[in-house]
Amino acid sequence: MSKILSLGHYQPSRVLTNDDLAQMVDTNDEWIRDRVGIATRRIAAPDETVADMASAAAEKALASSGLTAADIDLVAVATTSSIDRCPNVAARVAAKLGIAAPAAYDLNTACSGFSYVLATADHAITAGAARNALVIGAEKLSDITDWTDRSTCIIFGDGAGAAVVTADAAGEKAGIGPVVWGSAPSEAIRIEGWRPYIQQEGQSVFRWATTALAPLALQACERAGVAPTELAAFVPHQANTRIIDGIAKRLGLADAIIAKDIIESGNTSAASVPLALSKLVERGEVPSGAPVLLFGFGGGLTYAGQVVRCP
Ligand code: UT7
């Protein structure tokens, strides 16, 4: 059994507003805010890579963990937008942070990626295959966005979030609850061919997200032994505020904070959950030890979620 020890995040400095996008395609601030909920998103510099952003977030998480690079023996990165295939992003992060010999892998389940890598790290630690892991979600979606397509280019942003994961102390409440993961195989979201651009059948994904996911998120609570009314926060993938509100309503939350980092960061796919969680914790909005429901969903169509204790 394992827990999240610390978190960190990184966002590029360039802010792209809805008004900026209205100069590029036929759209407007009101439509984007009403239909998706986004006000701004961050866009990486041309020479800034997924590995650079992943490393920046990981460095912050490691710095606040009390551990050093020498303690990390697993690095796992969720990403669907890394252009370079090899070395993988995890190995590049390890090299940059001076982590000498970790197990290093990337995992691509698009927007559900962070909950997938968090689960695999938890499983590796529980099985004795690792002691301390760096788990990262990082995306440069601006590289694979068609900037002439108003149905997609208004949605996505760049950034990274990271967590240091370590073994629970004896007798401690489980820091990372059992994962509920799976897929509903479909071509509704595609990043394919060469050169790839994100394409999606927005309405069908919207329907799936607002109908299929709440029962699965409830399963994650049940498997963790935490009632939805006990949750301190709900941090779903940041795809659309209407989806977030729709799922949250069906969960029957009490006073839980509902993460809506999408408003300022857009949809950052695998980075969205750790980015939103790290910001909540940085602002001191969730007490240490409080239960938080993470739930990712997207391309594949894949989903994964678990209840974690806030570091
Ligand atoms: O992160 C991975 C998971 N992905 C998701 O969860 C995405 C789920 N889907 C959604 O969030 C929404 O379907 C979108 C935000 C992608 C689109 O919102 P929508 O309310 O489903 O819009 P729509 O595609 O049904 O389009 C409605 C209208 C259309 O015009 P007509 O045909 O009614 O005249 C579009 O052409 O809005 C038009 N439209 C726009 N108008 C202004 C589409 N994009 C824009 C735009 N600005 N950017």
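Structure report, in brief.

Rules used in this analysis
Residues numbered from 1 in each chain as written. Predicted model: local features only at pLDDT ≥ 70, side-chain atom pairs only at ≥ 80, totals over all residues. Heavy atoms only, no water. Pairing = 2+ DSSP bridges. Helix = DSSP H or I, 4+ residues; strand = E, 2+ residues; numbered from the N terminus. Contact = heavy atoms within 4.5 Å. Axes fitted to C-alpha atoms, helices over the stretch in contact; angles between N-to-C directions. Salt bridge = Lys/Arg side-chain N within 4 Å of Asp/Glu carboxyl O. Buried < 20%, exposed > 50% of the residue type's maximum accessible area, 1.4 Å probe, protein only. Parallel < 35°, antiparallel > 145°, perpendicular 65-115°, else oblique. Left-handed = near helix turned anticlockwise from the far one by under 90°. Nonpolar A, V, L, I, M, F, W, Y, C, P; charged D, E, K, R; others polar. Right-handed = clockwise from strand over helix to strand, strands pointing away. Near = heavy atom within 4 Å. Polar contact = N/O pair within 3.5 Å; in protein donor to acceptor, adjacent residues only side chain to side chain. Areas by Shrake-Rupley, 256 points an atom, 1.4 Å probe, with all protein chains shown as cover. Domains from an automatic or database assignment.

**Observations regarding the sheet that holds strand β14 (residues 302-309)**
- Spatial strand order, β8-β14-β13-β11-β12: five strands in an open sheet with mixed pairing. Edge positions in the open sheet fall to β8 (180-183) and β12 (257-258), since each of these has one partner strand only.
- One ladder, built from eight bridges, connects strand β13 (residues 291-298) with β14; its direction is antiparallel. Paired with G298 across the two strands is T302, which belongs to β14.
- Seen against the sheet, helix α7 (residues 202-224) touches β8, β13 and β14 and runs at an angle of roughly 145° to β13.
- Strands β11 (233-236), β12 and β13 of the sheet are contacted by helix α10 (residues 272-282), whose axis makes an angle of about 150° with β11.

**Observations regarding the pattern of salt bridges**
- Per the counting criterion, the structure on display carries 13 salt bridges.
- Between D29 and R33 there is a salt bridge; the shortest N-O distance is 2.9 Å. One end of the pair, D29, and the other, R33, are both in helix α2 (residues 29-35), four residues apart, so they sit about a helical turn from each other.
- A residue is classified by how much of its surface remains accessible, and D29, at 25% relative accessible area, is partly exposed.
- Residue R33 is classed as partly exposed on the basis of its relative accessible area, which comes to 43%.
- Close ionic contact of R283 with E285 constitutes a salt bridge, the shortest N to O distance being 2.6 Å.

**So, the packing of helix α3 (residues 50-63) against helix α4 (residues 89-97)**
- Direction vectors running N to C along α3 and α4 enclose 55°, while the axes themselves pass 9 Å from each other. By the angle between their directions, the pair α3 and α4 is classed as oblique. You can see that α3 and α4 cross each other, and the crossing is right-handed. Contacts from V50, A51, D52, A54, S55, A58, E59 and L62 in α3 reach V89, R92, V93, K96 and L97 in α4.
- A class-by-class count of the residues in the contact of α3 with α4 yields eight nonpolar, one polar and four charged.

**A closer look at the sheet that holds strand β6 (residues 132-140)**
- Taken in spatial order, the five strands make up an open sheet running β1-β7-β6-β4-β5, and their pairing is mixed. Edge strands, defined here as strands with exactly one partner in the open sheet, are β1 (2-10) and β5 (103-107). If you compare each strand with its neighbour and ignore which way they point, the axes differ by 15° on average.
- Pairing of strand β4 (residues 74-78) with β6 involves five bridges; the strand directions are parallel.

**Details of the pairing of β5**
- Here β4 runs beside β5; their pairing, made up of five bridges, is parallel. Within β5, the position partnered with A76 by the bridge is Y105.
- Crossover β4 to β5 through α4 is right-handed.

**Focus on unusual backbone geometry**
- Here the residue pair C86 and P87 is connected by a cis peptide bond, since its omega of 0° sits within 30 degrees of zero.
- Its location among the elements puts P87 in the loop between β4 and α4.
- Put simply, W194 and R195 share a cis peptide bond, and its omega is 5°.
- Structurally, R195 is set in the loop between β9 (189-191) and β10 (198-200).
- One non-glycine residue with positive phi stands out, namely A110, at about 55°.
- Here A110 shows up in the loop between β5 and α5 (113-126).
- Phi is positive for S269, which is not a glycine, with a value near 50°.
- Since its relative accessible area comes to 4%, S269 is described here as buried.

**Observations concerning the site of the ligand**
- In the vicinity of the ligand lie 23 residues, with T27, Q203, H237, N240 and N267 positioned nearest.
- Within the contact set of the ligand, an oxygen atom lies 2.7 Å away from a side-chain nitrogen or oxygen of N240.
- At 2.7 Å from an oxygen atom of the ligand is found a side-chain nitrogen or oxygen belonging to N267.
- About the coverage of the ligand: the protein hides 72% of its 960 Å² of free accessible area.
- Among the elements that line the shell around the ligand, the one with the most residues is α7, at four residues.
- Looking at the shell around the ligand, its residues break down into eleven nonpolar, eight polar and four charged.
- Counting residues domain by domain, the shell around the ligand receives three or more from each of domain 1 (2-167) and domain 2 (180-309).

**Notes on the environment of A94**
- Here A94 is to be found in helix α4.
- Along the backbone, A94 and A271 are 177 residues apart, and their C-alpha atoms lie at a distance of 18 Å.
- Contact partners of A94, with chain neighbours within four places excluded, come to V75, I99 and P102.

The values reported here are purely geometric and, on their own, carry no functional implication.
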